[in-house]
Amino acid sequence: DIVMTQTPLSSPVTLGQSASISCRSSESLVHTDGNTYLSWLHQRPGQPPRLLIYKISNRFSGVPDRFSGSGAGTDFTLKISWVEAEDVGVYYCMQATKFPVTFGGGTKVEIK
Amino acid sequence: QVQLVESGGGVVQPGGSLRLACAASGFAFSRYDIHWVRQAPGKGLEWLVLITHVGGNDWYADSVKGRFTISRDNPKNRVYLHMSSLTSEDTAVYYCARDQGLHLDYWGQGSLVTVSS
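Anyway, here's the lowdown on the structure attached to this text.

Rules and cut-offs
- Residues numbered from 1 in each chain as written.
- Chains lettered and ligands numbered in written order.
- Predicted model: local features only at pLDDT ≥ 70, side-chain atom pairs only at ≥ 80, totals over all residues.
- Heavy atoms only, no water.
- Disulfide = S-S within 2.5 Å.
- Helix = DSSP H or I, 4+ residues; strand = E, 2+ residues; numbered from the N terminus.
- Buried < 20%, exposed > 50% of the residue type's maximum accessible area, 1.4 Å probe, protein only.
- Pairing = 2+ DSSP bridges.
- Phe/Tyr/Trp six-rings, centres within 6.5 Å; stacked < 30°, edge-to-face > 60°.

**Some thoughts on the state of the cysteines**
Now for step 1: Under the definition given, this model contains 2 disulfides over all chains.
Now for step 2: Between the sulfur atoms of C23 of chain A and its disulfide partner C93 of chain A the distance amounts to 2.1 Å. In this structure the cystine formed by C23 of chain A and C93 of chain A twists about its S-S bond by roughly 75 degrees; its chirality is therefore right-handed. Note that C23 of chain A is positioned in strand β3 (residues 19-25) and C93 of chain A in strand β9 (residues 89-95), a separation of 70 residues in sequence. Taken as a pair, C23 of chain A and C93 of chain A share a single burial class, namely buried.
Now for step 3: Residue C22 of chain B pairs covalently with C96 of chain B via a disulfide, S to S 2.1 Å. Between C22 of chain B and C96 of chain B, the disulfide has an S-S torsion of 75 degrees and is therefore right-handed. Of this pair, C22 of chain B sits in strand β3 (residues 18-25) while C96 of chain B sits in strand β9 (residues 92-99), and the two are 74 residues apart along the sequence. Pair check on accessibility: C22 of chain B and C96 of chain B agree, each one buried.

Spelled out as structure tokens, the structure:
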């Protein structure tokens with residue numbers, strides 16, 4: 001199975017400042033069809049996860065443009081350009097290039 | 001609007017069985033693959049299973065293979081997850097989610113399953 005490793009585990013940030021989360025996969029996430037099926041999800045306390053970014057860098061409908069994704073191969077990054085109060089919660093990366101689908105362990109973003 | 005609603009959770013004894021349902025609305029259900037993902041209390045997300053839109057193919061995580069069975073009823077816009085030989089390690093919130101090209105774009109609110117004597 002592909003192992004997804006996220007860092008940091010926790011990220012205390014100041015409102016208005018930026019935050020970055022790293023996700024590394026144990027093998028390349030480039031699919032034989034040429035796509036890279038790496039997505040990012042956000043989960044607020046008591047809520048289901050919601051999709052933010054898919055295929056590395058595509059923002060899902062309604063996701064603010066302060067969220068951006070980048071990376072290739074085995075190394076990926078989610079950046080929040082300026083953190084707002086509603087951004088607190090846990091962020092997960094997820095790969096679906098190779099089954100079984102696997103998730104990173106999560107990064108908790110909290111306000112300082 | 002797209003909506004997924006899980007039901008069927010509850011308390012079950014170790015070794016018991018339970019069937020979860022995922023009711024879909026607001027989209028052409030028969031055209032989409034559906035996943036189940038779970039989250040144990042205070043833990044991260046664990047993918048369990050995928051069923052393709054026509055129901056002809058499915059893929060399972062090793063942790064549930066042989067114990068869990070997924071099925072779907074397209075005319076009723078429902079996916080089912082039949083779970084058997086349950087242990088305390090299966091205690092979790094179970095989510096169904098829609099697949100939109102190998103990313104999960106809409107999730108249900110989840111259904112809590114507690115395995116306890």
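**Side note on the pairing of strand β7 (residues 67-72) of chain A**
Looking down a regular strand, the side chains alternate between one sheet face and the other.
Residues and elements named next belong to chain A.
Now for step 1: Where β7 meets strand β8 (residues 75-80), 6 bridges bridge the pair, whose relative direction is antiparallel. Bridge pairing in β8 places S70 opposite T77.
Now for step 2: Taking the residues between adjacent antiparallel strands as the criterion, β7 and β8 are bridged by 2 residues, where G73 takes a positive phi near 70 degrees.

**Brief notes about the packing of aromatic side chains**
Now for step 1: Overall, the coordinates contain 7 aromatic pairs over all chains when judged by the stated rule.
Now for step 2: On the numbers, 5.5 Å between centres and 75 degrees between planes, the contact of F60 of chain A with Y106 of chain B is edge-to-face. In this pair, F60 of chain A sits in the loop between β6 (58-59) and β7 while Y106 of chain B sits in strand β10 (residues 104-107), so the two residues belong to two different chains.
Now for step 3: By relative accessible area, F60 of chain A is classed as buried at 15%.
Now for step 4: Ring geometry for F27 of chain B versus Y32 of chain B: centroids 5.3 Å apart, planes at 90 degrees, classification edge-to-face. The pair formed by F27 of chain B and Y32 of chain B is uniform in burial state, with each residue classed as buried.

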